[in-house]
Every structure is written in structure tokens, then in C-alpha cells.
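# Results of the structural survey
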Amino acid sequence: MSTAGDLVIKYLEVLHRQRAVLAEAYHRGSVGKSDDNARAIYELQQNRALVPFTQDSYRLASSLARHLDEVLQKERMYAAVGANIAELAARLPYLIDETEKAHLEGRQDDADSYADNFNSAVFDLADSISNALQYLRMLADNRFANVSTLAEKQRQNEYYIGRAERISEALRHLQMEDLAESLEDRPGCESLAVAFRFQLAGRLPEWRASLLDITDILKSYLYRLRQVEPAARRLRAFAQFLKRNPDYVAPDVDEMAEPPAWALRAKPLKMKARPDLSDSATSEALADLARSLPAAKVLVKREAKLGVLAEDGAAPSASVAITPKPYQLAFARFLVAVAATDTPVSAMDWKSAEAGFDDLPGDIWLHCVLYEAAMERRRLDRFQFERVEATPDHPLSGNIVVWDVLARRAE
């Protein structure tokens, strides 16, 4: 009975033995059946390396052709970059659920089988993402060297930008699912977290940074293509005109009374005139020009003088009376009222009962009381101030709503 390893060896031996036919089918796109290669084609078709293309011609299987494209870094027109990444990513949660169910039901062989499939799916997904990003990076670096016209380049650029956005969406889905943490909490899935963290979770930041870099290059290049497109369209139109009129000779611009409109599209050279001061013929004109200029205003900066001490017995300067502000008067009277009683005094009730402070808004009054209490702690150490706060609308709200301030004498 052959083991799995023996089957792999036999398959590789078939590919090696018929390598010439495989190379011809890959490079030419197909291989025709003849008497010389009929045996080789039959053997390769039996091993699913070749598939029928037309009558008596065969092509490489898609999986084998893609593998050779990746190894040889062959660029295909509108390649399906990242086509199966979303499907591979969506497969992982189902394998996790089946592994957990098999473990809880005691079916350990099935659980091991699902775990092996999960590890293979994780590796396939990581390999697909890496290859897709590597291919997109190659396209971004060579700027679609496999096409020759501007329109083709623009269409290819838009196509691969869409592919890059699909890969970005798959990476975002993997990051939002947070499978790494859920694997450790689910019974029977602890071993799956090792492969997931190593192959996917640990490489997500690197992949996202690489994808952002590639997308920026593609978008900036597409912007430059759109900038160049009008000029390129005019050049193509002129090239078509010359192709249809091979005997056309451009007119001599010097013989025209006025230059044509197309000749005026170029910006003229900017010339700056500078007088030759060493030429004696221009000295008089320059002197007259200098005399006609208005005189410049001279600004004299006055330096501040240092003050001096007044002598003893000198008349004192007039004193300036500073008028206290309304809230300062109210706060001083409020402290007198607090000092005269042993019970707490409400700042809002006191202001309402005290005459002369109706123009002082309540919120400004509370703000001034809290400000003075905070700034003058040493001077007001004989008093205690307590805020009366409203119940917050939400437990996580960071707003503090103060309705009143209670002040009392310190014990």
C-alpha cells in the first residue's frame, strides 16, 4: 500500500520525466498532440497536469500555470490578484467552529482533522496575501511596462487599485474578527492560535503598511496619467494628421505677419532689465531719476530712560483708587455671611437674597466662588467649600455640572 509521501514522489517524477512537454505548453500557451508526445500527454493528463484546450491540443492546469507564474514572476494582463483571499479568510471561522464542536463531542480524530485543515487554510491565506502584495509591488515599480498606450495604462491602474482595495478589506476583516484572542478562550482550539498568530496576526501590520504604500503609488501614478492625458491626446491627433498627410510641410513662422495661435502656447522668456552703472551715457538719466524719488522717512527710535529714586520729602504722586469688581464685592460679603453662622451657607441662595447683585449671572457667580476658593487657599483656610454636583447623564461622562456651592467655617 503506497503512503502519501510515495504518491507525492511519483507525481513529481512524472512532472520531471515529461518536463519538456510541460515547458512547451507553458511557453507556447498550448501543446499539440503528435505521435512523439502522445504518451507524455496521456500521462500528464492522467495526473491532471494538462487539460484539453481544443481538438488535439492541451494547456497546463490553472493551478500549475499559476505556480509557474509565481516562481518565474511572469506578469499577466489583468491578473486576478488576491482573487481568493476573501474566500480563504471567510473559511477560517467555520473551521474553528467545527474544531470546537468535535472536541466537545469527544470526536478527537475529527478535531485533529479540522485543526490540520485550519492550519493549511491559514498558510494558504498568508501565502496568497504575500504573493498578491509582491505582484502589486512589481506592477507599481515597473509602471505597467507590459502595455504600450496611455489608455491601457490608465485602465490597468484602475483595475489594480480595485484589487488592492479588496485585499485591504480582507485584512480589515481579519483584524476586526480578533480570532487570535477568541481561539485561546474556546475549548480545543488552543493549538490553532499558534499558527494563526505566527502566519497572520503577527504580519497584519506589515501587510497593511505595504498595501498602503502600494495604493499610494498606484493612485499618484493614476493622477499623473490623468494630468498627461490631454497633452497626449493632442500629440496622438497630430500624429494621425501627419500619417494621413505625409506631404505636409509646416509654414515658415518668420514669413507670417502674425504668429499662429499654436505658436503662442509656449510661455515667453522672462527678461529683466538692469542699468549699467559704469556707462557714462546713462549717469545723467540715473541722477535725474534719483532726484525724483521722494525722500525716505527717517524714524528715530527713542530709548527708554531708567527711572530714578525720588528724594526724601518730595511730594508723593497722586494715588489711584482701584474699584473692585461686582463679583469681588459679592464674594467678600458672602464670606462675612459664612463667618457669622455655624451652618453651611448656599452661594446661590445668598446671592438671591442679597440685593444689588441681580446683574451677576448665577453660573458666573459659581465660577468666581470656585476660582477664589482654589486660588486663595491660604487666605481662606478658615472656610470650607463644597460643590453640589448634578447626577451625570452617563456613567462614562466626563462632564461635571455644578448646581451650587456650600460654604462653612472650618472646624
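What comes next is a walk through the structure. Since the structure is predicted, the reported quantities are computational estimates derived from the model, not experimental observations.

A tally of regular secondary structure across the protein chain gives 14 helices and six strands. A separation threshold of at least 6 residues defines the contact pool for the protein chain, and within that pool the share at least 24 residues apart is 64%. For the protein chain, the exposed surface amounts to about 30200 Å²; the carbon and sulfur share of it is 54%.

Right, let's get into the sheet that holds strand 6 (residues 402-409). Pairing within the open sheet is antiparallel, and its three strands lie in the order 4-6-5. Each of the sheet's edge strands pairs with one partner strand only, and the pair in question is strand 4 (345-346) and strand 5 (383-389). With two bridges joining them, strand 4 and strand 6 adopt antiparallel strand pairing. Its bridge partner being in strand 6, S346 is matched across the sheet by L406. Along the sheet, helix 12 (residues 326-339) contacts strand 4, strand 5 and strand 6; its crossing angle with strand 5, the most-contacted strand, is approximately 105 degrees. Those strands touched by helix 14 (residues 362-375) are strand 5 and strand 6, and its axis lies near 45 degrees from that of strand 6.

Aromatic ring pairs are defined here through the distance separating the ring centres and the angle between the ring planes. The final tally for this structure, using the stated rule, is six aromatic pairs. The interplanar angle of 25 degrees and the centroid separation of 5.8 Å between the aromatic rings of W350 and W365 together place this pair among those described as stacked. Of this pair, W350 sits in helix 13 (residues 347-353) while W365 sits in helix 14, and the two are 15 residues apart along the sequence. Taken as a pair, W350 and W365 share a single burial class, namely buried.

So, on to the nonpolar core. Residues L92, F118, L125, L183, L200 and W207 are the most contacted members of the largest nonpolar core, which totals 33 residues. If you list the elements that add at least two residues to this core, you get helix 5 (85-104), helix 6 (108-142), helix 7 (150-177), helix 9 (192-199) and helix 10 (204-244). Examining the composition of this core, we find that eleven residues originate from one element, helix 6, more than from any other. Residues within four places of L183 in sequence aside, it is in contact with I96, F118, C189, E190, L192, A193 and F196.

Structurally, D363 is set in helix 14. Considered as a pair, D363 and W403 are 40 residues apart in the sequence and their alpha carbons are 8.5 Å apart.

Glancing now at the side chain of N37. Within the fold, N37 resides in the loop between strand 1 (31-32) and helix 3 (38-46). A polar side-chain atom of N37 sits 2.7 Å from the main-chain amide nitrogen of S34.

Rules used throughout
Residues numbered from 1 in each chain as written. Predicted model: local features only at pLDDT ≥ 70, side-chain atom pairs only at ≥ 80, totals over all residues. Heavy atoms only, no water. Helix = DSSP H or I, 4+ residues; strand = E, 2+ residues; numbered from the N terminus. Contact = heavy atoms within 4.5 Å. Areas by Shrake-Rupley, 256 points an atom, 1.4 Å probe, with all protein chains shown as cover. Pairing = 2+ DSSP bridges. Axes fitted to C-alpha atoms, helices over the stretch in contact; angles between N-to-C directions. Phe/Tyr/Trp six-rings, centres within 6.5 Å; stacked < 30°, edge-to-face > 60°. Buried < 20%, exposed > 50% of the residue type's maximum accessible area, 1.4 Å probe, protein only. Core = buried A, V, L, I, M, F, W, Y, C linked by side-chain atoms within 4.5 Å. Polar contact = N/O pair within 3.5 Å; in protein donor to acceptor, adjacent residues only side chain to side chain.

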